[in-house]
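Fold and contact review
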Amino acid sequence: MARTRVVCVSHKEDADGVSSASLIRKAFGGETKLVDYPGLMNELEALKNDEKLKTLYICDLGLSKSNQDQFVELLKALRKNKVSITYIDHHDIEDSIKKKIKALKVKLIHTINECTTVQVYNAFKSKLSDYGSFLAACAAVTDYMEDRPIGAAQLQRFDRQFVLLEATVLTFTITSHQKDPEFLLYLVDELSESKYPHQINNTFEFARIQAERISGVIQKVKDNMKKMKNLSYMEVTDSGASMAVNFVLGLSGKEVGVSYKLREEQGIYAVSVRGAKSCKVHLGRIVNQLATELGGSGGGHDKACGAVIPKEKIGTFLKKFNSKLK
């Protein structure tokens with residue numbers, strides 16, 4: 001049976017992941033699978049046995065100590081089946097894991113200095129139009145990386161206010177549809193057809209509704225946020241942890257903000273962490289190590305990261321995290 005299938009597995013939770021998938025679709029065609037970080041291994045397990053899979057792109061899905069070895073083993077199994085793999089990411093990867101990935105003849109496009117969509121555009125711009133540069137600029141803004149060399153160059157090509165508006169509309173539309181996978185795939189389709197976010201049906205209304213939700217979160221953060229010596233924290237119940245965490249940081253005066261939401265059916269807390277510009281430690285590395293010690297997983301960037309922590313360990317996580325921020 002001839003292998004003909006092209007698949008992109010990308011991050012579903014933000015504009016960087018969705019935009020990366022859209023540019024891969026534009027450049028190479030194929031299918032899109034959108035997952036969260038915990039869903040990556042399950043998706044690769046399923047693809048491992050796909051006899052039609054020829055080419056695989058993995059975008060904006062970072063690794064942690066708890067899954068990096070499994071990731072390498074799954075890539076090894078896919079490569080044994082002669083699947084061509086390109087892994088494009090901007091999260092912290094241990095040097096030893098990078099070497100193992102490259103040894104498998106997987107194309108690794110990786111730097112922590114540019115968001116994933118910018119790296120996708122930069123690698124494949126010969127197959128993309130100026131719209132690809134625009135989408136890269138939007139992703140850089142939403143990932144707080146518009147000051148990086150390549151991202152900044154993309155942003156300078158367009159009116160800044162227009163990019164900020166479109167990036168916000170896209171982000172609010174994505175975050176408000178996390179429980180609607182079909183709509184997220186529809187977004188990838190529309191963006192791959194070079195539609196601006198405002199041209200996609202109902203996005204301004206979705207953004208307005210999400211803005212209403214966010215404005216309601218601000219007061220709840222003021223009322224319920226708690227502080228430790230080195231961080232502020234809050235459990236959220238009726239919004240996403242990632243929505244609340246920037247307010248937990250900004251309203252507290254601390255250098256680090258933490259928000260977390262219980263996922264009862266899984267027995268875990270989904271945790272989001274943000275650091276102020278003045279924060280000198282690499283939060284993603286600390287969270288990766290600490291989450292793994294506590295039987296969870298986590299990691300990310302120096303000032304923006306997340307974790308999955310067992311329900312009964314959340315108090316321990318907060319105390320240990322606070323002690324590591326001295």
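Here is a short report on the structure shown in this document.

Each value, and the rule that gives it
Residues numbered from 1 in each chain as written. Predicted model: local features only at pLDDT ≥ 70, side-chain atom pairs only at ≥ 80, totals over all residues. Heavy atoms only, no water. Core = buried A, V, L, I, M, F, W, Y, C linked by side-chain atoms within 4.5 Å. Buried < 20%, exposed > 50% of the residue type's maximum accessible area, 1.4 Å probe, protein only. Helix = DSSP H or I, 4+ residues; strand = E, 2+ residues; numbered from the N terminus. Contact = heavy atoms within 4.5 Å. Axes fitted to C-alpha atoms, helices over the stretch in contact; angles between N-to-C directions. Parallel < 35°, antiparallel > 145°, perpendicular 65-115°, else oblique. Left-handed = near helix turned anticlockwise from the far one by under 90°. Nonpolar A, V, L, I, M, F, W, Y, C, P; charged D, E, K, R; others polar. Pairing = 2+ DSSP bridges. Right-handed = clockwise from strand over helix to strand, strands pointing away. Expected span 1.5 Å × (residues − 1). Arc of directions from axis to C-beta. Phe/Tyr/Trp six-rings, centres within 6.5 Å; stacked < 30°, edge-to-face > 60°.

Core analysis: the largest hydrophobic core is formed by 41 residues, its most contacted members being Ile 24 and Phe 124. It is helix α6 (residues 130–142) that provides the largest number of residues to this core, a total of nine residues. Once you skip the residues sitting within four places of it in the chain, Ile 24 turns out to touch Cys 8, Gly 29, Tyr 57, Cys 59, Ile 88, Val 120 and Phe 124. Ranked by size, the runner-up nonpolar core spans 26 residues in total, among them Met 41, Leu 61, Leu 78 and Leu 104.

Here we take up the packing of helix α1 (residues 15–28) against α6. Packed helices, taken two at a time, are described by their axes: the angle between them and the distance between them. Axis separation between α1 and α6 bottoms out at 9 Å; the angle between their running directions is 165°. Considering their axes alone, α1 and α6 lie roughly antiparallel with respect to each other. Of the two elements, α1 crosses α6, and the hand of that crossing is left-handed. In this structure, α1 uses Ala 15, Asp 16, Ser 19, Ser 22 and Leu 23 to contact α6, whose residues at the interface are Gly 132, Leu 135, Ala 139 and Thr 142. Its residues assigned to classes, the contact of α1 with α6 comprises four nonpolar, four polar and one charged.

Attention now goes to the pairing of strand β2 (residues 31–35). Across five bridges, strand β1 (residues 5–11) lies against β2 in parallel orientation. Across the sheet, His 11 pairs through a bridge with Val 35, a residue of β2. With α1 bridging β1 and the parallel β2, this β-α-β connection has right-handed handedness.

Moving on, we come to the side chain of Ser 259. Relative to the elements of secondary structure, Ser 259 occurs in strand β8 (residues 256–263). Residues within four places of Ser 259 in sequence aside, it is in contact with Met 234, Val 236, Ala 241, Ser 242, Ala 244, Val 245, Val 248, Ala 270, Val 271 and Ser 272.

In the sheet, strand β7 (residues 232–235) pairs with β8 via four bridges, with the strands oriented parallel. If you follow Glu 235 over to β8, its bridge partner there is Tyr 260. Handedness of the crossover joining β7 and β8 through helix α11 (residues 241–252): right-handed. Where β8 meets strand β9 (residues 268–275), eight bridges bridge the pair, whose relative direction is antiparallel. By the bridge assignment, Leu 262 is partnered in β9 with Tyr 269. The loop that links β8 with its antiparallel partner β9 comprises four residues; one of these, Gly 267, has a positive phi angle of about 70°.

Let us look at the packing of helix α12 (residues 283–293) against helix α13 (residues 314–323). Packing of α12 against α13 leaves a shortest axis separation of 11 Å and a crossing angle of 140°. When the axis of α12 is compared with that of α13, the two are oblique. In the packing of α12 onto α13, the handedness of the crossing is right-handed. Touching Leu 283, Ile 286, Val 287, Leu 290 and Glu 293 of α12 are Phe 317, Lys 320 and Phe 321, all from α13. Among the residues forming the contact of α12 with α13, the class breakdown is six nonpolar, no polar and two charged.

Let's shift gears to the sheet that holds β1. Within the open sheet, the five strands sit side by side as β2-β1-β3-β4-β5. Their pairing is parallel. Strand pairing shows two members of the sheet lacking a second neighbour, β2 and β5 (107–110), which therefore form its edges. Averaged over all adjacent pairs, the angle separating strand axes in this sheet is 15°, with direction ignored. Pairing geometry for β1 and strand β3 (residues 53–59), over six bridges, is parallel. Counterpart to Val 6 in the pairing with β3 is Thr 55. Together, β3, β4 (84–89) and β5 form the strand contacts of helix α5 (residues 116–124), whose direction differs from that of β4 by roughly 130°.

Turning our eyes to something else, we now look at helix α3 (residues 68–80). Given a rise of 1.5 Å per residue, 13 residues ought to cover 18 Å, and the 19 Å separating the end C-alpha atoms of α3 matches this to within 8%. Every buried residue of α3 is listed here: Gln 68, Phe 71, Val 72, Leu 74, Leu 75 and Leu 78. Down the axis, α3 shows its buried residues gathered within 165° of arc, on one side only. Along its buried surface, α3 packs onto α2 (40–48), β3, β4 and α4 (95–103). Just downstream of α3 lies Lys 82, where phi reads positive at about 65°.

Okay, the packing of aromatic side chains next. For any pair of aromatic rings, the description consists of the separation of the ring centres together with the inter-plane angle of the planes. Within the structure shown, the criterion is met by 14 aromatic pairs. Taking 5.5 Å as the distance between ring centres and 50° as the angle between the ring planes, the aromatic pair formed by Phe 183 and Tyr 186 counts as tilted. Pair noted here: Phe 183 and Tyr 186 are both in helix α9 (residues 181–192), with a separation of three residues, about one helical turn. Among the residues examined, Tyr 186 registers a relative accessible area of 27% and is labelled partly exposed. On the basis of an interplanar angle of 85° and a centroid distance of 5.2 Å, the ring pair of Tyr 260 and Tyr 269 is categorised as edge-to-face. Tyr 260 sits in the buried class, given a relative accessible area of 8%. Overall, Tyr 269 belongs to the buried group, its relative accessible area being 8%. Counting every residue linked through ring pairs, the aromatic cluster contains Tyr 131, Phe 134, Phe 158, Phe 162 and Tyr 196.

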